[in-house]
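# Understanding the architecture of this molecule
The residues making up each chain are set out below.
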Amino acid sequence: MAFRFILLSALCALAAANVSMGSRPRVTRASYTDCSGAALKLNHLDVNPNEIPVGNGKPFTVTFDADVLQDVVAPVKMSVKLQQKWFGAFITIPCVANVGTCNYDDACALLDTVPVCPPELTSNGITCKCPIKAGHYTMNQQAFQLPQLDFPFNVLANGEFKAEVRLSDQAGTPLACLDVQFEMGGCEGWLCNLGR
């Protein structure tokens, strides 16, 4: 479940743009850069509606077009750097329970811990296992739904974020690279604005 939440959160963060603040946490002002790699080319990514509901259980749709240029086989090293803005500066979020700024020796091994690949992915020919075969992958307006967030996660998910994700093969050759910046808002109460 945690992996599914992380995956769906990443999809949200990658594609939302020019979104207005609402009464619930929402991803806003997001942007991403495909900083290249030998194996993955992200051609198009779109999430609808523009106001992506984060934490209130409402559905949204994802459309994407990507090319996997070579078979991706285990082990795949993954480096994630996650930062949140506090008091005007971006602070690195530490790795806790495999979430945050973490290095993984094998992202494929993480995928192996997913008991059931979400049907939203499998219905589009995407598996949650390595190897990932070279090919053209698309998803057209596939509906997703994030779980509801309760305190303290609704407070922690409020603010400006940066994420850098790097994938490489065993020899250290870059396979994929993605830089993401996004803002989540809509949390209410004095704790939500602390340090922002």
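Only a predicted model underlies this, so the values are computations on that prediction, with no experimental measurement involved. (Residues numbered from 1 in each chain as written. Predicted model: local features only at pLDDT ≥ 70, side-chain atom pairs only at ≥ 80, totals over all residues. Heavy atoms only, no water.)

### Notes on the nonpolar core
As a rule of thumb, nonpolar side chains are buried together in soluble globular proteins. Worth spelling out the cut-off: Residues grouped as a nonpolar core are buried Ala, Val, Leu, Ile, Met, Phe, Trp, Tyr and Cys residues, joined through side-chain atoms within 4.5 Å. Exposure classes here rest on a 1.4 Å probe applied to the protein chains alone. A residue is buried below 20% of its type maximum, exposed above 50%, and partly exposed in between. A run of DSSP states H or I qualifies as a helix once it reaches four residues; a run of E qualifies as a strand once it reaches two. Both are numbered from the N-terminal end.
Counting 20 residues, the largest nonpolar core has Val-62, Phe-64, Val-72, Leu-121, Ile-126, Met-139 and Phe-144 as its most contacted members. Residue assignment for this core shows that the elements contributing at least two residues are strand S2 (40–48), strand S4 (59–68) and strand S8 (135–145). In this structure, Leu-82, Ala-163, Leu-178 and Phe-182 belong to the second largest nonpolar core, which totals 6 residues.

### As for the confidence of the model for the chain
Stated precisely, the cut-off is as follows: For every residue, the pLDDT score states the predictor's confidence, bounded by 0 at the bottom and 100 at the top. Whether two residues are in contact is decided by their heavy atoms, any of which lying within 4.5 Å being enough.
Residues with a pLDDT of 70 or more make up 69% of the chain, whose mean pLDDT is 76. Across residues 1–28, confidence stays below pLDDT 50; counting only partners more than four residues off in sequence or on other chains, it has 83 contacts.

### Some thoughts on the side chain of Gln-84
Using the following cut-off: In the analysis that follows, any N or O atom pair within 3.5 Å is treated as a polar contact, provided that within protein one partner can donate a hydrogen and the other can accept it, and provided that, for residues neighboring in sequence, both atoms belong to side chains.
Relative to the helices and strands, Gln-84 resides in strand S5 (residues 77–86). Side-chain polar atoms of Gln-84 contact the side chain of Trp-86, separated by 3.2 Å.

### Here's the deal with the pairing of S4
Our working definition: A pair of strands is labelled paired if DSSP reports no fewer than 2 bridges between them.
The buried fraction of S4 amounts to 7 of the 10 residues, a majority that puts the element mostly inside the structure. Pairing of S2 with S4 involves 8 bridges; the strand directions are antiparallel. In the sheet register, His-44 faces S4, and the bridge partner there is Asp-65. Of the pairings in the sheet, the one linking S4 to S8 comprises 9 bridges and is antiparallel in character. Bridging from a neighbouring strand, Val-62 pairs with Gln-142 of S8.

### Things to note about the environment of Phe-90
Within the element layout of this structure, Phe-90 appears in strand S6 (residues 89–92). In this structure Phe-90 comes out as partly exposed when scored by relative accessible area, which is 26%. Linking Phe-90 and Glu-160, residues 70 residues apart in sequence, is a C-alpha distance of 8.4 Å. Excluding anything up to four places from it in sequence, Phe-90 contacts Gln-83, Gln-84, Lys-85, Glu-160, Phe-161 and Lys-162.

### Focus on the state of the cysteines
In protein structure, a disulfide is the covalent linkage between the sulfur atoms of two cysteines. Defined as follows: Any two cysteine sulfur atoms lying within 2.5 Å of each other are counted as a disulfide.
Taken as a whole, this structure holds 3 disulfides when the rule is applied. The disulfide partner of Cys-108 is Cys-130, and the gap between their sulfur atoms is 1.9 Å. Taking the sign of the S-S torsion, about -75° here, the bridge from Cys-108 to Cys-130 comes out left-handed. Remark: Cys-130 occurs in the loop between helix H3 (119–122) and S8 and Cys-108 occurs in helix H2 (residues 107–112); sequence separation between them is 22 residues. Under the relative-accessibility criterion, Cys-108 is labelled buried at 3%.

### Here we look at unusual backbone geometry
For the bond running from Ala-74 to Pro-75, omega is 0°, close enough to zero to count as cis. With respect to the helices, strands and loops of the structure, Pro-75 is situated in the loop between S4 and S5. Even without being glycine, Ala-97 reaches a positive phi, approximately 55°. With respect to the helices, strands and loops of the structure, Ala-97 is situated in the loop between S6 and strand S7 (102–104). Residue Ala-97 is classed as exposed on the basis of its relative accessible area, which comes to 73%. Of note, Asn-98 is a non-glycine position whose phi angle comes to about 65°, a positive value. Judged by its relative accessible area of 43%, Asn-98 falls in the partly exposed class.

### Comments concerning the sheet that holds S8
Rules: Only the stretch in contact is used when fitting a helix axis, every axis being a line fitted to C-alpha atoms; angles between N-to-C directions are given from 0 to 180 degrees.
Spatially, 3 strands are ordered S2-S4-S8 in an open sheet, and the strand pairing comes out antiparallel. Because the sheet does not close on itself, it has two edges, and the strands there are S2 and S8. Between one strand and the next, the sheet's axes are offset by a mean angle of 10°, whatever the strand orientation.

### A short note on the packing of aromatic side chains
Put simply, the rule is: Aromatic pairs are defined between Phe, Tyr and Trp rings, using the six-membered ring for Trp, whenever the two ring centres lie within 6.5 Å; interplanar angles under 30 degrees are classed as stacked, those over 60 as edge-to-face, and all others as tilted. Only when the NZ of Lys or the CZ of Arg is both within 6 Å of the ring centre and within 35 degrees of the ring normal is a charge said to sit over the ring.
Applying the stated criterion across every chain yields a total of 0 aromatic pairs. Seen from the ring of Phe-90, Lys-162 lies directly overhead, with NZ or CZ sitting 4.4 Å from the centre.

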